[in-house]
Amino acid sequence: MNTSDIRVEKGHAEPEEVAAITAILLARAASAPAAPVTHRRPKAGWRRLEREGGFRAPHSWH
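Only a predicted model underlies this, so the values are computations on that prediction, with no experimental measurement involved.

Chemist: Would you mind showing me how to read the overall build of the chain here?
Modeler: Scanning the chain from terminus to terminus reveals one helix and zero strands. Looking at the chain as a whole, 2% of its 62 residues qualify as buried. Surface summary for the chain: the accessible area is close to 6,700 Å², and the carbon and sulfur share equals 58%.

Chemist: Where do I start with the environment of Ile6 in this structure?
Modeler: Note that Ile6 resides in the segment before helix H1 (15-31). Taking the C-alpha atoms as reference points, Ile6 and Thr22, 16 residues apart in sequence, are found 8.3 Å from one another.

Chemist: What exactly am I supposed to notice about a nonpolar patch on the surface here?
Modeler: There is a patch of nonpolar side chains on the surface, built from Ile21, Ile24 and Leu25 and spanning about 280 Å² of accessible area. Within the secondary structure layout, Ile21 lies in helix H1. For Ile21, a relative accessible area of 40% gives the class partly exposed.

Rules and cut-offs
Residues numbered from 1 in each chain as written. Predicted model: local features only at pLDDT ≥ 70, side-chain atom pairs only at ≥ 80, totals over all residues. Heavy atoms only, no water. Helix = DSSP H or I, 4+ residues; strand = E, 2+ residues; numbered from the N terminus. Buried < 20%, exposed > 50% of the residue type's maximum accessible area, 1.4 Å probe, protein only. Areas by Shrake-Rupley, 256 points an atom, 1.4 Å probe, with all protein chains shown as cover. Patch = residues over 30% accessible without salt bridge, like charges linked within 9 Å, V, L, I, M, F, W, Y side chains within 5 Å. Salt bridge = Lys/Arg side-chain N within 4 Å of Asp/Glu carboxyl O.

Structure representation (structure tokens):
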């Protein structure tokens, strides 16, 4: 890592302060849990008619 990787936008940071914040950020990045992998397929927005019941009342919302 060189000095251009981290830049102080406002104020003045000593090299020890930059090293401390770098260590904290690297530790947080290393300890962050990975996103859980889900293998579920998204639910379709439509229904297959052959899987529906045979009768729906005319006043039903389905």
